[in-house]
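So you can see what is in the structure, the chains are spelled out below.
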Amino acid sequence: MVRKTPLAVSALTAALFLVGCAGEPYDQNAHRETIETYGERVTDMDAVTRATESACAADSADAWVDDYMDQGGDPGLLVIGLDQMCADRVKEFEGALSPYGW
């Protein structure tokens, strides 16, 4: 898998904000489209949604990110999911991702 740059994800999330997706109810189809625009193919969107819900509900962004990255997670996909489901926590998780080069 090719790692996407933070700049690419920032551009995607900025575009979402500009078209008014931020602050609206969760739209799984928009989430899928953003992931596909990022360059990944989605095979189980319900699993993606559950994982993102788990991140949003996490007490500790640091602990959640450590586990996610230990399992080979893609930080860009995490940030996309957070932006889609709990945008108020994006900065917190980006801080937790910084030891991983984010």
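As a reminder, the structure under discussion sits directly above these lines.
Residues numbered from 1 in each chain as written. Predicted model: local features only at pLDDT ≥ 70, side-chain atom pairs only at ≥ 80, totals over all residues. Heavy atoms only, no water.

J.: What should I look at first to understand the overall build of the chain in this one?
T.: Looking only at helices and strands, one finds six helices and zero strands in the chain. The secondary structure elements of the chain, listed N-terminal to C-terminal, are α-α-α-α-α-α. Going through the 102 residues of the chain one by one, you find that 39% of them count as buried. Of the contacts made within the chain by residues no fewer than 6 positions apart, 63% connect residues no fewer than 24 positions apart. (Helix = DSSP H or I, 4+ residues; strand = E, 2+ residues; numbered from the N terminus. Buried < 20%, exposed > 50% of the residue type's maximum accessible area, 1.4 Å probe, protein only. Contact = heavy atoms within 4.5 Å.)

J.: Looking at this model, I keep getting lost on helix α4 (residues 61-70). Mind explaining?
T.: Taken as a whole, α4 has its buried residues at A61, W64, V65, Y68 and M69. Looking straight down α4, one finds its buried side chains confined to an arc of 125°; they lie on one side. Those residues of α4 that are buried lie in contact with α3 (45-57), α5 (75-85) and α6 (90-97). Two residues or fewer after α4 comes G72, characterised by a positive phi angle close to 85°. (Arc of directions from axis to C-beta.)

J.: Where do I start with a negative patch on the surface in this structure?
T.: A cluster of acidic residues, E24, D27, E33 and E36, forms a negative patch on the protein surface. Within the secondary structure, E36 sits in helix α2 (residues 28-38). (Patch = residues over 30% accessible without salt bridge, like charges linked within 9 Å, V, L, I, M, F, W, Y side chains within 5 Å. Areas by Shrake-Rupley, 256 points an atom, 1.4 Å probe, with all protein chains shown as cover. Salt bridge = Lys/Arg side-chain N within 4 Å of Asp/Glu carboxyl O. Lys, Arg positive; Asp, Glu negative; His and termini not counted. Charge placed at Lys NZ, Arg CZ, Asp CG, Glu CD.)

J.: Just to check I follow, could you spell out the side chain of D74 for this structure?
T.: Following the sequence through the fold, D74 ends up in the loop between α4 and α5. Among the polar contacts listed, one links the side chain of D74 to the side chain of Y38, at a separation of 2.9 Å. (Polar contact = N/O pair within 3.5 Å; in protein donor to acceptor, adjacent residues only side chain to side chain.)

J.: Please explain the packing of α4 against α6 as it appears in this structure.
T.: Packed helices, taken two at a time, are described by the angle between their axes plus the distance between the axes. Put simply, α4 and α6 touch, their axes get as near as 9 Å, and they point 55° apart. Between α4 and α6, the crossing angle belongs to the class labelled oblique. Where α4 crosses over α6, the two elements pack in a sense that is right-handed. For the pair formed by α4 and α6, the contact residues are A61, D62, W64, V65 and M69 on the first element and E92, F93, A96 and L97 on the second. Looking at the contact of α4 with α6 residue by residue, the classes come out as seven nonpolar, no polar and two charged. (Axes fitted to C-alpha atoms, helices over the stretch in contact; angles between N-to-C directions. Parallel < 35°, antiparallel > 145°, perpendicular 65-115°, else oblique. Left-handed = near helix turned anticlockwise from the far one by under 90°. Nonpolar A, V, L, I, M, F, W, Y, C, P; charged D, E, K, R; others polar.)

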